[in-house]
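Fold and contact review
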Amino acid sequence: MLRNHQELDVTVVAVAPVGAKVEVDGAEGLFGFIDQVKHPSWWDAGVAPPRVGDRLHVCVLDATREPFPRLSALQDDIAIARRLRGDA
């Protein structure tokens, strides 16, 4: 079970125009979703868009979202999650 503000390593398993489905590394069958605007490529033309097999470090934005928890690969969101957890 994922928790809001948790950090994870994930692997991209599917890509669509709206974002990427990812599987949590080391937790077979546990998936999440990264909206396109929560991937660095949306904001920086020098960053490649997500591809199947890419590994990313993410934070959990909404663990209750269905069908998959909403995640972010943006460094700003990860920094916010750390502050909210008291790690920064």
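These lines cover the structure that appears in this document, whether it is placed above or below.

Cut-offs and rules
- Residues numbered from 1 in each chain as written.
- Predicted model: local features only at pLDDT ≥ 70, side-chain atom pairs only at ≥ 80, totals over all residues.
- Heavy atoms only, no water.
- Helix = DSSP H or I, 4+ residues; strand = E, 2+ residues; numbered from the N terminus.
- Buried < 20%, exposed > 50% of the residue type's maximum accessible area, 1.4 Å probe, protein only.
- Contact = heavy atoms within 4.5 Å.
- Areas by Shrake-Rupley, 256 points an atom, 1.4 Å probe, with all protein chains shown as cover.
- Lys, Arg positive; Asp, Glu negative; His and termini not counted.
- Charge placed at Lys NZ, Arg CZ, Asp CG, Glu CD.
- Pairing = 2+ DSSP bridges.
- Axes fitted to C-alpha atoms, helices over the stretch in contact; angles between N-to-C directions.
- Phe/Tyr/Trp six-rings, centres within 6.5 Å; stacked < 30°, edge-to-face > 60°.

1. Some remarks on the overall build of the chain
The helix and strand tally for the chain stands at one helix and five strands. Taken over the C-alpha atoms alone, the chain extends approximately 30 × 30 × 20 Å along its principal axes. A buried classification covers 34% of the 88 residues belonging to the chain. Partitioning the contacts of the chain with sequence separation of at least 6, the portion at a separation of at least 24 is 49%. Surface accessibility of the chain: about 5300 Å² in total, with carbon and sulfur atoms responsible for 54%. Computed over 10 positive and 13 negative side-chain charges, the separation of the two mean positions in the chain equals 2 Å.

2. A closer look at unusual backbone geometry
At the junction of Glu66 and Pro67, the peptide bond is cis and its omega measures out at 5° in the coordinates. Looking at where Pro67 falls in the secondary structure, it is placed in the loop between β4 (55-62) and β5 (70-72). With a phi close to 75°, His5 is a non-glycine residue in the positive phi region. Looking at the secondary structure, you find His5 in the segment before β1 (7-16).

3. A word on the sheet that holds strand β2 (residues 19-24)
Spatial ordering of the closed barrel is given by β1-β2-β3-β5-β4, a layout of five strands whose pairing is mixed. Here the strands of the sheet are splayed against their neighbours by 55° on average, with no regard to which way each runs. In this sheet, β4 lies alongside β1 in antiparallel orientation, the contact comprising five bridges. Residue pairing across strands places Val10 opposite Leu56, the latter belonging to β4. In the packing of helix α1 (residues 75-85) onto the sheet, contacts are made with β1, β4 and β5, and the angle to β4 comes to roughly 55°.

4. Details of the pairing of β4
Note that β4 and β5 share three bridges and pair antiparallel. Note that in β5 the partner of Asp62 across the bridge is Arg70.

5. Overview of the packing of aromatic side chains
Applying the stated criterion across every chain, the model contains two aromatic pairs. For the ring pair Phe31 and Phe68, a centre distance of 6.1 Å and an interplane angle of 70° mean the geometry is edge-to-face. In this pair, Phe31 sits in strand β3 (residues 31-35) while Phe68 sits in the loop between β4 and β5, placing the two residues 37 residues apart along the sequence. Given the relative accessible area of 25%, Phe68 is considered partly exposed. Pairing Trp42 with Trp43 gives two aromatic rings, centres 6.4 Å apart and planes at 85°, and the pair type is edge-to-face.

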